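Letter by letter, the chains look like this.
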Amino acid sequence: MTGQLRQHHLGDWPLGCGQTIPDAQITYLKIGELNADRSNLILVPTSYGARPEDLAWLAGPVLDPDRYCIVIAGQFGNGASSSPSHGAMGLAEQGWVVSHRDNVAAQHQLLKEAFGAERLALIYGWSMGAQQAYQWAVDQPELVERICCVCGTTRTSTHNRLFCLSLRQALTADAHWTGSCFSAPPEQGLRTYALIYASWAASQPFFRGVQEPVEQHVEQQWLPHYQRHDPRDLIAMLDTWLAHDVAAGSDLPTTLAAIRARTAVVAGSHDLYFTPDDLAVDAAAIPGAQWHLIQSELGHRAGNPHSSAAEQQQLQRIVAELLAQPIAL
């Protein structure tokens, strides 16, 4: 389902790292209509590398656009919202690291100014979107009625950090990396990056079913998704992922125990990034949270099954069950 793609200007936006984005903006997609009392708003923060239109498929198969106003909001660094590729942001090498607390604060202003919304019926997020949903529930507990966190954790684990660091190293090891930017497209770096990404994002059973040589499969099916991005944006989003911690270094169980939103934690049976065991630990620390397991050989991508009806149906049932529960606020 298509929607209305818009930009919302935030003005000069200070970040937690001490930098300020001049004339910051969020690109968002609106699908469905807000009701009279503004009680049917669903926020979908974007995942790594996604732009709002990439997640429009959720409207219908998973989220009901006839009952809800669905707002898909691009995180900083994704190439649609303010990003290094716009020239307004730098990278960690220049002291720029966007946190999810920054993303949540910007999305909060967007929803107030563009929709006049005081409460959110649901925040639905996959992967880095799930990270933002958790951050919302921690930072704005009085505004969030429910969160559905699909294949994402409350803090980036040590093992997950290794994955992110390997991707960053693949890009910055390219001959065109200058130490702060790229003097030309990092073609070899992106190919290495795509190989690493594919090996983690899909499962071992998935790759057993691939008919063509795996190098050809990655070149044709994975690499184009990353080539469409400015590599600086890919790095900026990795740094946000690496910095993710809803407790900001404090005791994580204590932070999660204060979450008031009705919570669904959804794991993928073959997810190598955010394992079912890791998600079960998060769910156990959140009062009343329900833990669900999607049976799928898609690996991490089971949480974003834009072309697979079986996983879509599992997600739709989980969301319907969560929305049917009375709010805990």
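Details of the structure are given in the entry above.
What comes next concerns the included structure. Everything numeric in this text was worked out from a predicted model, so none of it was measured.

Rules of the game
Residues numbered from 1 in each chain as written. Predicted model: local features only at pLDDT ≥ 70, side-chain atom pairs only at ≥ 80, totals over all residues. Heavy atoms only, no water. Helix = DSSP H or I, 4+ residues; strand = E, 2+ residues; numbered from the N terminus. Rg over C-alpha atoms; globule rule 2.2 N^0.38 Å. Areas by Shrake-Rupley, 256 points an atom, 1.4 Å probe, with all protein chains shown as cover. Lys, Arg positive; Asp, Glu negative; His and termini not counted. Charge placed at Lys NZ, Arg CZ, Asp CG, Glu CD. Axes fitted to C-alpha atoms, helices over the stretch in contact; angles between N-to-C directions. Parallel < 35°, antiparallel > 145°, perpendicular 65-115°, else oblique. Contact = heavy atoms within 4.5 Å. Core = buried A, V, L, I, M, F, W, Y, C linked by side-chain atoms within 4.5 Å. Buried < 20%, exposed > 50% of the residue type's maximum accessible area, 1.4 Å probe, protein only. Arc of directions from axis to C-beta. Salt bridge = Lys/Arg side-chain N within 4 Å of Asp/Glu carboxyl O. Pairing = 2+ DSSP bridges. Polar contact = N/O pair within 3.5 Å; in protein donor to acceptor, adjacent residues only side chain to side chain. Nonpolar A, V, L, I, M, F, W, Y, C, P; charged D, E, K, R; others polar. Phe/Tyr/Trp six-rings, centres within 6.5 Å; stacked < 30°, edge-to-face > 60°. Lys NZ or Arg CZ within 6 Å of the ring centre and 35° of its normal.

**Focus: the overall build of the protein**
For the protein, the helix and strand inventory stands at 11 helices and 8 strands. Computed over C-alpha atoms, the radius of gyration of the protein comes to 19 Å, within 12% of the 20 Å expected from 2.2 N^0.38 for 329 residues, which places it in the range of a compact globule. When the accessible surface of the protein is summed, it comes to about 13000 Å², and 50% of that surface belongs to carbon and sulfur atoms. Mean positive and mean negative side-chain charge positions of the protein (20 and 32 charges, respectively) differ by 4 Å.

**Details of the packing of helix H3 (residues 158-172) against helix H4 (residues 187-201)**
Each packed pair of helices is defined by two parameters, the angle between the axes and the distance between the axes. Interaxial distance between H3 and H4 falls to 7 Å at its minimum, and their mutual angle equals 160°. Our classification of the angle between H3 and H4 gives roughly antiparallel. On H4, the residues that touch His159, Phe163, Ser166, Leu167, Ala170 and Leu171 of H3 are Gly189, Leu190, Thr192, Tyr193, Ile196, Tyr197 and Trp200.

**Focus on the nonpolar core**
Residues Phe76, Tyr193, Tyr197 and Trp241 are the most contacted members of the largest nonpolar core, which totals 77 residues. Residue contributions to this core peak at 8 residues, all from H4. With 32 residues, the next largest nonpolar core counts Leu58, Leu315, Ile318 and Leu323 among its residues.

**Structural notes on the environment of Trp96**
Along the chain, the position of Trp96 falls in the loop between strand S4 (69-73) and helix H1 (100-115). Residue Trp96 is classed as buried on the basis of its relative accessible area, which comes to 13%. Along the chain, Trp96 and Asp66 lie 30 residues apart, while their C-alpha atoms are 40 Å from each other. If near-sequence neighbours (up to four positions away) are discounted, Trp96 is found in contact with Leu15, Cys17, Gln19, Thr20, Ile21, Ala88, Met89, Gly90 and Leu91.

**A look at helix H10 (residues 276-285)**
Helical geometry note: an α-helix holds 3.6 residues per turn, so side chains three or four residues apart project in the same direction. Along H10, the residues classified as buried are Pro276, Leu279, Asp282 and Ala283. Looking down the long axis of H10, one finds its buried residues gathered within 120° of arc, a one-sided arrangement. Exposed side chains of H10 directed beyond 90 degrees from the buried face belong to Asp277, Val281 and Ala284. As for H10, its buried residues are in contact with helix H2 (128-139), helix H9 (252-257), strand S7 (262-268) and strand S8 (290-294).

**Considering the pattern of salt bridges**
Between side chains of opposite charge, a pair can form as their charged atoms come close. Scanning the model with the defined rule gives 10 salt bridges in all. A salt bridge links Glu33 to Lys30; the nearest nitrogen and oxygen atoms lie 3.2 Å apart. Overall, Glu33 belongs to the exposed group, its relative accessible area being 55%. A relative accessible area of 10% places Lys30 in the buried class. Beyond isolated ion pairs, a larger network of salt bridges with shared partners links Glu93, Arg168 and Asp239.

**So, the pairing of strand S5 (residues 122-126)**
For a regular strand, side-chain orientation follows a simple rule: the groups alternate between the two sheet faces. Burial of S5 is extensive: 5 of the 5 residues sit out of reach of the surface. In terms of strand pairing, S5 meets strand S6 (residues 146-150) through 4 bridges, oriented parallel. Bridge pairing in S6 links Trp126 to Val150.

**Topic: the side chain of His108**
Tracing the backbone shows His108 in helix H1. For His108, the side chain forms a polar contact with the side chain of Gln140, separated by 3.4 Å.

**Things to note about the side chain of Gln314**
One can find Gln314 in helix H11 (residues 309-324). Assessed through its relative accessible area of 16%, Gln314 is described here as buried. Among the polar contacts listed, one links the side chain of Gln314 to the backbone nitrogen of Gln295, at a separation of 3.2 Å. Beyond its immediate sequence surroundings of up to four residues, Gln314 is in contact with Leu293, Ile294 and Gln295.

**Notes on the packing of H1 against H2**
Packing of H1 against H2 leaves a shortest axis separation of 9 Å and a crossing angle of 75°. One element, H1, and the other, H2, form an angle in the roughly perpendicular class. Judged by residue contacts, His100, Arg101, Asn103, Val104, Gln107, His108 and Leu111 of H1 engage Met128, Gln131, Gln132, Gln135, Trp136, Val138 and Asp139 from H2. Looking at the contact of H1 with H2 residue by residue, the classes come out as 5 nonpolar, 7 polar and 2 charged.

**Regarding the sheet that holds S5**
Spatially, 8 strands are ordered S1-S2-S4-S3-S5-S6-S7-S8 in an open sheet, and the strand pairing comes out mixed. Since the sheet does not close on itself, it has two edges, and those belong to strand S1 (4-14) and S8, each with one partner. Averaged over all pairs of adjacent strands, the angle between their axes in this sheet comes to 20°, without regard to strand direction. Sitting on the sheet, H1 touches S1, strand S2 (20-31), strand S3 (41-45) and S4, and the angle it makes with S1 is about 120°. Contacting S7 and S8, H10 runs over the sheet at an angle of about 170° to S7.

**Some words on the packing of aromatic side chains**
Scanning the model with the defined rule gives 17 aromatic pairs in all. With centroids separated by 5.3 Å and ring planes inclined at 85°, the aromatic side chains of Phe206 and Phe207 adopt a geometry described as edge-to-face. A network of ring pairs unites the aromatic residues Tyr48, Phe163, Tyr193, Tyr197, Trp200, Tyr226, Trp241, Tyr273 and Phe274 as a single cluster. It is Arg301 that lies over the ring of Phe206; its NZ or CZ is 4.9 Å from the centre.

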